[in-house]
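Okay, here's what each chain looks like letter by letter:
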Amino acid sequence: MKRYIIFYFLLCSNFLAASHDISMADYEPLIHQDAVKNILADCFSPIIADAVIASLVDSIDSNAVVIMADDCAVGYSFYSYHYHEQNVGFIDFIGISSQHRKKKYATTLLNFVLNRMRHEGMQEVQLVVAKELQPAIDLYYGLGFWNIESYDEYFLKFSKSLIE
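Now for a description of the structure that goes with this document. (Residues numbered from 1 in each chain as written. Predicted model: local features only at pLDDT ≥ 70, side-chain atom pairs only at ≥ 80, totals over all residues. Heavy atoms only, no water.)

## Considering a nonpolar patch on the surface
Just so we agree on the cut-off: Patch membership is restricted to residues that have no salt bridge and whose relative accessible area is over 30%. Joining uses 9 Å for like charges and 5 Å for the nonpolar side chains Val, Leu, Ile, Met, Phe, Trp and Tyr. To be clear on the numbers: accessible area is Shrake-Rupley with a 1.4 Å probe, and residue cover counts the displayed protein chains and nothing else. Here, a salt bridge means any side-chain nitrogen of Lys or Arg that lies within 4 Å of a carboxyl oxygen of Asp or Glu. Under the DSSP-based scheme used, a helix requires at least four consecutive residues in state H or I and a strand at least two consecutive residues in state E, with every element numbered from the N terminus. Buried, partly exposed and exposed residues are distinguished by accessible area as a fraction of the type maximum, computed with a 1.4 Å probe on protein chains only: under 20%, between the cut-offs, and over 50%, respectively.
Taken together, the side chains of Y151, Y154 and F155 make up a nonpolar region of the molecular surface, amounting to roughly 320 Å² of accessible area. When you line up the elements, Y151 lands in the loop between strand 6 (146-150) and strand 7 (155-161). Here Y151 falls in the partly exposed class, since its relative accessible area comes to 40%.

Given below as structure tokens:
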């Protein structure tokens, strides 16, 4: 665990040096649920926010992490591990509140999740994104993801190898 923390610190040191009030927290419903629900509603809609929060509560396979800035949740990522699919992780949702975008929070959050997945033995990570979300698509390409499939006219599926 100590090696993992040091690796994460080195990975994010440039970003953290610019803003020392940034931290990661495992999602705790009693602490983060309302903030994450608001971010989900901001990113998608209140109906989707309710459905995602309910599915997170009911799921035993999902994990969630929250990025905090100045003691306030500004983003989240829900992800899961699929050991039965040859150690493939899946990022179910990732979002940053609209007032906190363009500050590299998504990059920091995504790198944290990718490193956690690698640490848990995942060899690949996949995610699905709406074709209309060009800033997210640019982020995924910039972090080494590649487009592996187009579901229909609305969604793209991306993948990234986690093997070093």
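Now, onward.
## Here we look at the nonpolar core
The following threshold applies: By convention a nonpolar core is built from buried Ala, Val, Leu, Ile, Met, Phe, Trp, Tyr and Cys residues, the set being connected through side-chain atoms within 4.5 Å.
The biggest cluster of nonpolar side chains holds 31 residues, and the ones touching the most others in it are I91, L110, M117, Y140 and F145. Of all the secondary-structure elements, those providing two or more residues to this core are strand 1 (22-26), strand 2 (62-69), strand 3 (72-82), strand 4 (88-96), helix 4 (105-119), strand 5 (124-130), helix 5 (134-142) and strand 7. In terms of residues, this core owes the most to one element, helix 4, which gives 7 residues.

## Concerning the sheet that holds strand 3
Which entries qualify depends on this criterion: Paired strands, as defined in this entry, are two strands with at least two bridges between them according to DSSP. Here, axes are lines fitted to C-alpha atoms. For helices the fit covers the stretch in contact, and angles between N-to-C directions go from 0 to 180 degrees.
What the 7 strands build is an open sheet, ordered 1-2-3-4-5-7-6; its pairing is mixed. Strands at the two margins of the open sheet, each flanked by one partner only, are strand 1 and strand 6. With direction set aside, neighbouring strand axes in the sheet form an average angle of 25 degrees. Looking at chain direction, strand 5 and strand 7 are connected through 7 bridges and run antiparallel. Looking at the pairing, E124 lines up with S161 of strand 7.

## A closer look at unusual backbone geometry
Unlike most non-glycine residues, D71 shows phi in positive territory, near 60 degrees. Note that D71 resides in the loop between strand 2 and strand 3. The residue K102 is not glycine, and still its phi comes out positive at about 65 degrees. With respect to the helices and strands, the residue K102 is situated in the loop between strand 4 and helix 4. Judged by relative accessible area, K102 falls into the exposed class, the value being 85%.

## Some remarks on the pattern of salt bridges
If you walk through the whole model with that rule in mind, you get 2 salt bridges. A salt bridge links D26 to R116, with the shortest nitrogen-to-oxygen separation between them at 2.5 Å. Pair noted here: D26 is in strand 1 and R116 is in helix 4, with a separation of 90 residues, a long-range link. Its relative accessible area of 19% is what places R116 among the buried residues.

## Some thoughts on the environment of Y81
Considering the arrangement of structural elements, one finds Y81 in strand 3. Each C-alpha atom, one on Y81 and one on M117, is 7.7 Å from the other, the two residues being 36 residues apart in sequence.

## Quick notes on helix 5
Our working definition: The directions from the helix axis to the C-beta atoms are what the arc is built from. It only takes one pair of heavy atoms within 4.5 Å for two residues to be counted as in contact.
Three or more residues of helix 5 are buried, namely A136, I137, L139 and Y140. For helix 5, the buried positions fall inside an angular range of 160 degrees around the axis, keeping them on one side. Away from the buried face of helix 5 by more than 90 degrees, exposed residues P135 and G142 are located. Check the buried side of helix 5 and you find it contacts strand 4, helix 4, strand 5 and strand 7. Phi for G144, located one or two positions after helix 5, is positive at around 95 degrees.

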